[in-house]
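Below, each chain spelled out in residue letters.
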Amino acid sequence: MAAAERAIVIGGGIGGLTAAAALRLRGARVTVLERAPSLEPVGAAISLSPNALRALDVIGLGDDIRALSAWQGDGGLRTPSGRWLARAEAAAAAERFGGPLVLLHRATLVDRLAGLLPSGAVRTGTPARLTDPGVPGDRRRPARVETPDGELEADLVVAADGIRSAVRGALFPGHPGTVHSGFTTWRVVIPLPGVAFCSHETWGRGRIWGTHPLKDGRVYAYAAAVAPAGERAPDDERAELLRRYGDWHSPVPEVLAAVRPEDVLRHDVHHIAEPLPAFHRGRVALVGDAAHAMPPTLGQGGNQAVEDAITLAFPRPGMPPSAVEPVADGLPGYTAVRLPRTMAVSRRAVRVARLNLMTGRVGPAVRDTALAALSKAAPSLFLRGFDGVADWRPPGGPSGADGDGSGAPRMLAADHGRRGPEENTP
Ligand SMILES: Cc1cc2nc3c(=O)[nH]c(=O)nc-3n(C[C@H](O)[C@H](O)[C@H](O)COP(=O)(O)OP(=O)(O)OC[C@H]3O[C@@H](n4cnc5c(N)ncnc54)[C@H](O)[C@@H]3O)c2cc1C
């Protein structure tokens, strides 16, 4: 990338901030435009699997995040009565995929990513609108982005504006957008002192619940249930959780006893079912949910956003930060690599949702019997669901950061803080 390449990132979520940090490492002058008044993320915790952690190695953040891993010992899949259907050990998972699975608060991740950017690089309270995608290779046709403070020009625009991406709609007006995935979710992060439990996900009939420890001592619990879009509890969402899960195995009742109604986040789930024609147009690249919103049943939406961002900035092995080719010239290659990968992961997440949110009496009973028998015959069954997902490695990166989880590019991460904020004016 030429030193003067100007990049604008629309959206300061996980995808946008990772892209900003990676592009900055490539030498770009990056500005992140975020419409929210602060970077405080909506949401509870997020799980990062070894694929995203290897991608974060490229920007020097992988080991910092790995250090936050709290899942140790045993865990697995249960029925609402508490019977184990399949067991998984943290050590076996780490061995199979080359590193731990890390569950951390979203605020922690956003904070670490933003910490890689110089002050002034992120402009909050700044809604942005793409007015022209520009033409790569034509210096007279930069991309143009409108903000309340005026229009900005850029050599590259990264649209990381989330599931309701206006940029996606502008680039591909014929695309139908997202569909309702058929279920709703609840999430809480709370202290749960004095309650011992194993990490678990529990599958009932059209309902699931998971409880997992965080490194900071708190507990992340989530639930999902088949429900029409827009449905909300007549009283409050804690009462709704009690009605649906109050008689499930420990630690579910203990979590519910500790939760206050205002702790509970509820979101309906939507995903992109019909793939976009491309993840780019002109000088604009779509990243994260804007490109491939998927159900959270594999915990991969954010992980794939991180993979996108790193692949966009470092598409080939051993790429030095001083690489001269403009990022915008490589966008067809970005689509060619990321579109099939993310849609395959998304389709898998949809299939998992059909299995773990199966309704009726017979289907779930057959599912549970088959899972228990299969996992007895092949104890690694639970982990196999992540084969081809968690074992992904980034295509390239500086200093031989080829995704071996070694934390090799730390030296480059240190370089992040050296450039002045003045460079971030596009
Ligand atoms: C219940 C649930 C659980 C999940 N669990 C996991 C998990 O464990 N692991 C995982 O990997 N994924 C998980 N996901 C998915 C994950 O949350 C998303 O895939 C991820 O947050 C997408 O990141 P993003 O940066 O693409 O979009 P977002 O995080 O949505 O960020 C988009 C940003 O763009 C901003 N924006 C939008 N429009 C504009 C505009 N016009 N101008 C300026 N800014 C704008 C928004 O304010 C927002 O900050 C889960 C999702 C749900 C619903």
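Here the structure is a predicted model, which is why all the values come from computation and not from measurement.

A. Examining the site of the ligand more closely. The immediate surroundings of the ligand are formed by 27 residues, with E34, R106, D289, G302 and N303 found nearest. Between the ligand and S47 there is a distance of 2.9 Å, counted from an oxygen atom to a backbone nitrogen or oxygen. In this structure, an oxygen atom belonging to the ligand sits 3.4 Å away from a main-chain N or O atom of G301. Of all elements in the fold, only α1 (14–25), β3 (45–48), β12 (179–191) and α10 (301–313) reach the threshold of two or more residues within the shell around the ligand. When residues in the shell around the ligand are grouped by element, the largest group, 3 residues, is from α10. Here the residues of the shell around the ligand are counted per class, giving 8 nonpolar, 13 polar and 6 charged.

B. Layout of unusual backbone geometry. Across the junction of S250 and P251, the peptide omega takes the value 15°, indicating a cis bond. Relative to the elements of secondary structure, P251 occurs in the loop between α7 (237–245) and α8 (252–258).

C. View of the sheet that holds strand β2 (residues 29–33). Spatially, β7-β2-β1-β11-β18-β17 is the arrangement adopted by the 6 strands of the open sheet, whose pairing is mixed. Since the sheet does not close on itself, it has two edges, and those belong to β7 (122–123) and β17 (280–281), each with one partner. Sheet contacts for α1: β1 (6–10), β2, β7 and β11 (156–159); angle to β2, the most-contacted strand, approximately 170°.

D. A look at the side chain of E34. Structurally, the position occupied by E34 is in the loop between β2 and β3. Despite being buried, E34 has no salt bridge partner; R35 is the closest side chain of opposite charge, sitting 5.1 Å away. One polar contact links the side chain of E34 to the main-chain amide nitrogen of G12, over a distance of 2.7 Å. Of note is the side chain of E34, whose polar atom sits 2.8 Å from the backbone nitrogen of A36. Discounting chain neighbours no more than four positions away, the residues touching E34 are G11, G12, G13, L39, R123, T124, G125 and T126.

E. Layout of the confidence of the model for the chain. In this model, the chain carries an average pLDDT of 90, and 91% of its residues clear a pLDDT of 70 or more. A low-confidence stretch, residues 399–426 stays under pLDDT 50, and its non-local contacts, those more than four residues away or across chains, total 61 contacts.

Cut-off values and rules
Residues numbered from 1 in each chain as written. Predicted model: local features only at pLDDT ≥ 70, side-chain atom pairs only at ≥ 80, totals over all residues. Heavy atoms only, no water. Near = heavy atom within 4 Å. Polar contact = N/O pair within 3.5 Å; in protein donor to acceptor, adjacent residues only side chain to side chain. Helix = DSSP H or I, 4+ residues; strand = E, 2+ residues; numbered from the N terminus. Nonpolar A, V, L, I, M, F, W, Y, C, P; charged D, E, K, R; others polar. Pairing = 2+ DSSP bridges. Contact = heavy atoms within 4.5 Å. Axes fitted to C-alpha atoms, helices over the stretch in contact; angles between N-to-C directions. Buried < 20%, exposed > 50% of the residue type's maximum accessible area, 1.4 Å probe, protein only. Lys, Arg positive; Asp, Glu negative; His and termini not counted. Salt bridge = Lys/Arg side-chain N within 4 Å of Asp/Glu carboxyl O. pLDDT = per-residue confidence, 0-100.

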